[in-house]
Amino acid sequence: KKLKAEEERARRKAEARRRALAEAEAKRARIEQEEAKLRAAMEEARSQIAREERARQRALEAAKAAAEKKSMQDDEESRLRAIVQAEAKRRIADIQQKRLELAAEEAAKKAKEEEKKARRLEIEAKIQAERDKLAELAAERERLRLKALAEEETRRMLEAEKARQRAAEEARINAEREAALKA
């Protein structure tokens with residue numbers, strides 16, 4: 001019974017170990033998928049930034065050209081107003097660009113943390129698997145030890161029975177010899 005319980009426990013541990021490894025593997029696959037999504041999002045963000053930068057440059061150039069044209073026709077004040085407006089637009093575009101860059105950095109940092117977490121889980125699962133393997137080996141050793149003890153006990157009992165039979169046979173022969181002598 002004890003042996004069966006040991007084997008059942010070892011089997012359950014092995015099953016749990018397999019499940020833990022499968023879960024760690026699935027989590028790692030999910031994280032890789034998330035990373036791929038994040039990389040795609042970051043690439044899109046970079047493209048968006050580049051597009052906005054080009055548009056901003058065009059707008060700035062157009063605004064400057066318009067301001068210069070207007071300055072030829074109009075007074076100094078309206079020209080300055082146009083330049084101020086162009087600068088304000090440039091600053092707004094800069095702020096938006098910074099926001100996109102920060103969001104991309106934050107996403108990359110989060111992905112790295114998730115990857116670290118998954119690796120740690122994987123390592124823990126492997127360590128647990130090794131521990132379970134050692135427990136299985138210990139259980140097998142104990143089973144073999146108990147089997148050897150049982151075999152030794154059986155051998156001793158057989159030897160004792162043989163010795164008893166020999167003693168009984170000797171006693172019977174002695175009794176017959178004495179009876180014959182008396183007769």
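Computed from a predicted structure; not experimentally measured.

A.B. asks: How do you make sense of the overall build of the chain when you look at a structure like this?
C.D. replies: For the chain, the helix and strand inventory stands at two helices and zero strands. In terms of overall dimensions, the chain is more spread out than a globule: its C-alpha atoms have a radius of gyration of 44 Å, far above the 16 Å expected for 183 residues. Structurally, the chain occupies a C-alpha span of about 165 × 15 × 15 Å along its principal axes. When the 183 residues of the chain are sorted by exposure, 14% land in the buried category. Relative to all contacts within the chain whose residues are 6 or more apart in sequence, the contacts with residues 24 or more apart total 85%. For the chain, the computed accessible surface area is about 14900 Å², with 56% contributed by carbon and sulfur atoms.

A.B. asks: I tried to follow the pattern of salt bridges on my own but got confused; where do I start?
C.D. replies: Opposite charge on two side chains allows them to pair when their charged atoms are near. The final tally for this structure, using the stated rule, is 30 salt bridges. Lys37 serves as the salt-bridge partner of Glu34, at 3.8 Å between the closest nitrogen and oxygen. Of this pair, Glu34 and Lys37 both sit in helix 1 (residues 2–73), separated by three residues, roughly a single helical turn. A salt bridge links Glu130 to Lys133; its shortest N-O distance comes to 3.5 Å. Of this pair, Glu130 and Lys133 both sit in helix 2 (residues 76–182), three residues apart, which is roughly one turn of that helix. Shared partners join several salt bridges into a network, and the residues in it are Glu53, Arg56, Glu87, Arg90, Arg91 and Asp94.

A.B. asks: Any chance you could explain the environment of Leu158 here in plain terms?
C.D. replies: With respect to the helices and strands, Leu158 occurs in helix 2. Given the relative accessible area of 53%, Leu158 is considered exposed. Linking Leu158 and Leu137, residues 21 residues apart in sequence, is a C-alpha distance of 32 Å.

A.B. asks: How do you make sense of the side chain of Arg17 when you look at a structure like this?
C.D. replies: As for its position among the elements, Arg17 is in helix 1. Among the residues examined, Arg17 registers a relative accessible area of 15% and is labelled buried. Non-local contacts of Arg17, meaning those with residues more than four positions away in its chain, are made with Ala129, Asp132, Lys133 and Glu136.

A.B. asks: What should I look at first to understand a negative patch on the surface in this one?
C.D. replies: A cluster of acidic side chains, namely Glu101, Glu105, Glu106 and Glu113, defines a negative patch on the protein surface. Locating Glu106 in the fold gives a position in helix 2.

A.B. asks: What is the right way to look at the environment of Arg12 in this model?
C.D. replies: Here Arg12 lies in helix 1. What makes Arg12 partly exposed here is its relative accessible area of 46%. Arg12 sits 31 residues away from Glu43 along the chain, and the two C-alpha atoms are 46 Å apart.

A.B. asks: Would you mind going over a nonpolar patch on the surface with me for this structure?
C.D. replies: On the surface, Leu3, Leu146 and Leu149 cluster together into a nonpolar patch covering about 220 Å² of accessible area. Of the residues examined, Leu149 reaches a relative accessible area of 47% and is grouped as partly exposed.

A.B. asks: What am I meant to see in the environment of Ala163 here?
C.D. replies: For Ala163, the position within the fold is in helix 2. For Ala163, a relative accessible area of 33% puts it in the partly exposed group. Along the chain, Ala163 and Lys69 lie 94 residues apart, while their C-alpha atoms are 128 Å from each other.

Each value, and the rule that gives it
- Residues numbered from 1 in each chain as written.
- Predicted model: local features only at pLDDT ≥ 70, side-chain atom pairs only at ≥ 80, totals over all residues.
- Heavy atoms only, no water.
- Helix = DSSP H or I, 4+ residues; strand = E, 2+ residues; numbered from the N terminus.
- Rg over C-alpha atoms; globule rule 2.2 N^0.38 Å.
- Buried < 20%, exposed > 50% of the residue type's maximum accessible area, 1.4 Å probe, protein only.
- Contact = heavy atoms within 4.5 Å.
- Areas by Shrake-Rupley, 256 points an atom, 1.4 Å probe, with all protein chains shown as cover.
- Salt bridge = Lys/Arg side-chain N within 4 Å of Asp/Glu carboxyl O.
- Patch = residues over 30% accessible without salt bridge, like charges linked within 9 Å, V, L, I, M, F, W, Y side chains within 5 Å.
- Lys, Arg positive; Asp, Glu negative; His and termini not counted.
- Charge placed at Lys NZ, Arg CZ, Asp CG, Glu CD.

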